[in-house]
Amino acid sequence: MGFSESKESGGVTVVKVDGQLIIGNRHELKDLVQTALDRGDRRLLVDFSHTGYIDSSGLGALVSISKRIREAGGELRLSGLNDDLRSLFELTKLDTLFAITETPEQALSSF
Amino acid sequence: MTSPLRLCVRRSAVTGSREAATLVTLRLPSDVNCIEEAVELVTRHCLAGHESTESIRFRLRVVLSEAISNAIVRGNCEDCNKWVDVRAELGPDVISVYVTDEGPGFDPSAIPEPIRPEQLDEANGRGLFLIRKLVDAVQFNTQGNSICMILRRW
């Protein structure tokens, strides 16, 4: 349970959320993204293919990192949301804020 | 390490119910690191013995996480001397979950909807909105320190 980070060809940093993204671990994600930005990464993908649920703090963390990445001149993509997870973004209208693709492969080719 | 969560499950008559309902109670400390375990425990007991869709499981986990987070962070201000009580009344068709904190309470009608375009960039303020969207009914006690979330199983 937690986050794993890898660098894909094309220089995209991929963060996989394994388990939940909730109030108890949201700072871990924010710190991980900040570290990536500090070392110069500008293209980031957060993948939810193995995520159970996200709470509003987790959504808030995504909003925060989206802002930071934007301010640094970077791009963020989200992928792997199942129907239930996607409904959280639709209910809160956050689907209009994020670039969301079905699979990580689609996200990687869209940068 | 011993879990700080205190869980009790019993079958008993619930006021207003024609049938004996299973009652699940859980007491947890005001520590956000306990939320995930509490959510899994209560969800497992709420759905045990019933056919449930993945959607019900998902909604239950999200709203439990939201309500317990609100109770710990906003209600109890993460005061380690204060507790959060979760009480689930499990009937054949309906799950009623009460989450109560030791805080002064709040006015739920004063919480704005967080979906206006100018609010999308805000990191906070979506918890209660999500609860209202994901369950069939929401009630608060007069003090505003206890939420009741009602979900139909079907």
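First, a word on scope: everything that follows refers to the structure included in this document.

Calculation notes
- Residues numbered from 1 in each chain as written.
- Chains lettered and ligands numbered in written order.
- Predicted model: local features only at pLDDT ≥ 70, side-chain atom pairs only at ≥ 80, totals over all residues.
- Helix = DSSP H or I, 4+ residues; strand = E, 2+ residues; numbered from the N terminus.
- Rg over C-alpha atoms; globule rule 2.2 N^0.38 Å.
- Buried ≥ 20, exposed ≤ 12 C-beta atoms within 10 Å, placed from the backbone.
- Contact = placed C-beta atoms within 7 Å.
- Nonpolar A, V, L, I, M, F, W, Y, C, P; charged D, E, K, R; others polar.
- Core = buried A, V, L, I, M, F, W, Y, C linked by C-beta atoms within 7 Å.
- Pairing = 2+ DSSP bridges.
- Axes fitted to C-alpha atoms, helices over the stretch in contact; angles between N-to-C directions.
- Parallel < 35°, antiparallel > 145°, perpendicular 65-115°, else oblique.
- Left-handed = near helix turned anticlockwise from the far one by under 90°.
- Right-handed = clockwise from strand over helix to strand, strands pointing away.

Regarding the overall build of chain A
Then comes step 1: Along the backbone of chain A there are 4 helices and 6 strands.
Then comes step 2: Along the chain direction, N to C, the helices and strands of chain A fall in the order β-β-α-β-β-α-β-α-β-α.
Then comes step 3: Relative to a compact globule of 111 residues, whose C-alpha radius of gyration would be 13 Å, chain A shows 13 Å and is just as compact.
Then comes step 4: By principal-axis analysis of the C-alpha atoms, chain A measures approximately 30 × 30 × 25 Å.
Then comes step 5: Counting the 111 residues in chain A, one finds 41% classified as buried.
Then comes step 6: By sequence separation, contacts in chain A at least 24 residues apart represent 73% of the contacts at least 6 residues apart.

Overview of the overall build of chain B
Then comes step 1: Scanning chain B for helices and strands turns up 3 helices and 6 strands.
Then comes step 2: Counting from the amino terminus, chain B carries its helices and strands in the arrangement β-β-α-α-β-β-α-β-β.
Then comes step 3: Relative to the compact-globule value of 15 Å for 154 residues, chain B shows a C-alpha radius of gyration of 15 Å, a close match.
Then comes step 4: Taking the contacts inside chain B whose residues are at least 6 apart along the sequence as the reference set, 62% of them involve residues at least 24 apart.

Section: unusual backbone geometry
Then comes step 1: In this structure, Lys-93 of chain A takes a positive phi of about 65° despite not being glycine.
Then comes step 2: By secondary structure assignment, the location of Lys-93 of chain A is in the loop between helix H3 (83–91) and strand E6 (99–101).
Then comes step 3: For Lys-93 of chain A, a count of 15 C-beta atoms within 10 Å puts it in the partly exposed group.
Then comes step 4: In this model, Glu-78 of chain B sits at a positive phi of 55°, which is unusual for a non-glycine residue.
Then comes step 5: Structurally, Glu-78 of chain B is set in the loop between helix H2 (54–75) and strand E3 (83–90).

What about the interface of chain B and chain A?
Then comes step 1: Contacts between the two partners involve 22 residues from chain B and, on the opposite side, 21 residues from chain A.
Then comes step 2: Going through the elements one at a time, helix H1 (35–47), H2 and helix H3 (127–134) of chain B are the ones with two or more residues in the side of chain B that touches chain A.
Then comes step 3: When the residues that make up the side of chain B that touches chain A are grouped by side-chain class, the tally is 10 nonpolar, 6 polar and 6 charged.

Considering the nonpolar core
The tendency in soluble globular proteins is for nonpolar side chains to be buried side by side.
Then comes step 1: Val-42, Val-63, Ala-67, Ile-68 and Val-86 of chain B are the most contacted members of the largest nonpolar core, which totals 59 residues.
Then comes step 2: When sequence neighbours within four positions are dropped, the list of residues in contact with Ile-68 of chain B reads Ile-35, Ala-38, Val-39, Val-84, Val-86 and Val-99 of chain B.

Quick look at the pairing of E3 of chain B
Residue and element names in this part refer to chain B.
Then comes step 1: As judged from the 6 bridges shared by E3 and strand E4 (residues 94–100), these two strands associate in the antiparallel manner. Note on E4: the bridge partner recorded for Glu-89 is Ser-96.
Then comes step 2: The hairpin turn running from E3 into E4, its antiparallel successor, is 3 residues long.

Brief notes about the packing of H1 of chain B against H2 of chain B
All names here are of chain B.
Then comes step 1: Between H1 and H2, the shortest axis-to-axis distance is 9 Å and the interhelical angle comes to 135°. One way to sum up the angle between H1 and H2 is to call them oblique. Crossing hand, H1 versus H2: right-handed. Counting all contacts with H1, which are made through Ile-35, Ala-38, Val-39, Val-42, Thr-43, Cys-46 and Leu-47, the residues of H2 involved are Arg-57, Leu-60, Arg-61, Leu-64, Ser-65, Ile-68 and Ser-69.

Points about the environment of Ile-54 of chain A
All names here are of chain A.
Then comes step 1: On the secondary structure map, Ile-54 appears in strand E4 (residues 51–54).
Then comes step 2: In sequence terms Ile-54 and Ile-69 are 15 residues apart; their C-alpha atoms lie 20 Å from each other.
Then comes step 3: Every residue in contact with Ile-54, bar those within four places of it in the chain, is listed here: Gln-20, Leu-21, Leu-59, Leu-85 and Leu-88.

Comments concerning the environment of Thr-51 of chain A
Residues and elements named next belong to chain A.
Then comes step 1: Within the secondary structure, Thr-51 is located in strand E4.
Then comes step 2: A tally of 20 C-beta atoms within 10 Å means that Thr-51 is categorised as buried.
Then comes step 3: Non-local contacts of Thr-51, meaning those with residues more than four positions away in its chain, are made with Val-17, Gly-19, Gln-20, Leu-21 and Leu-85.

Regarding the packing of helix H1 (residues 26–38) of chain A against helix H2 (residues 56–71) of chain A
Residues and elements named next belong to chain A.
Then comes step 1: Interhelical geometry of H1 versus H2 gives an angle of 15° and a closest axis separation of 9 Å. Of the possible angle classes, the one that applies to H1 and H2 is roughly parallel. As H1 runs across H2, the sense of the crossing is right-handed. Counted together, Arg-26, Leu-29, Lys-30, Val-33, Gln-34 and Leu-37 of H1 and Ser-57, Gly-58, Ala-61, Ser-64, Ile-65, Arg-68 and Ile-69 of H2 form the full contact between these two elements.
Then comes step 2: For the contact of H1 with H2, the per-class residue count stands at 6 nonpolar, 4 polar and 3 charged.

Quick notes on the pairing of strand E3 (residues 43–47) of chain A
Residue and element names in this part refer to chain A.
Then comes step 1: Most of E3 sits inside the fold, with 4 of its 5 residues counted as buried.
Then comes step 2: Pairing geometry for strand E2 (residues 12–21) and E3, over 4 bridges, is parallel. The residue bridging Lys-16 from the neighbouring strand is Asp-47, located in E3.
Then comes step 3: With H1 bridging E2 and its parallel neighbour E3, the resulting β-α-β unit is right-handed.
Then comes step 4: Where E3 meets strand E5 (residues 75–79), 5 bridges bridge the pair, whose relative direction is parallel. Counterpart to Leu-44 in the pairing with E5 is Leu-76.

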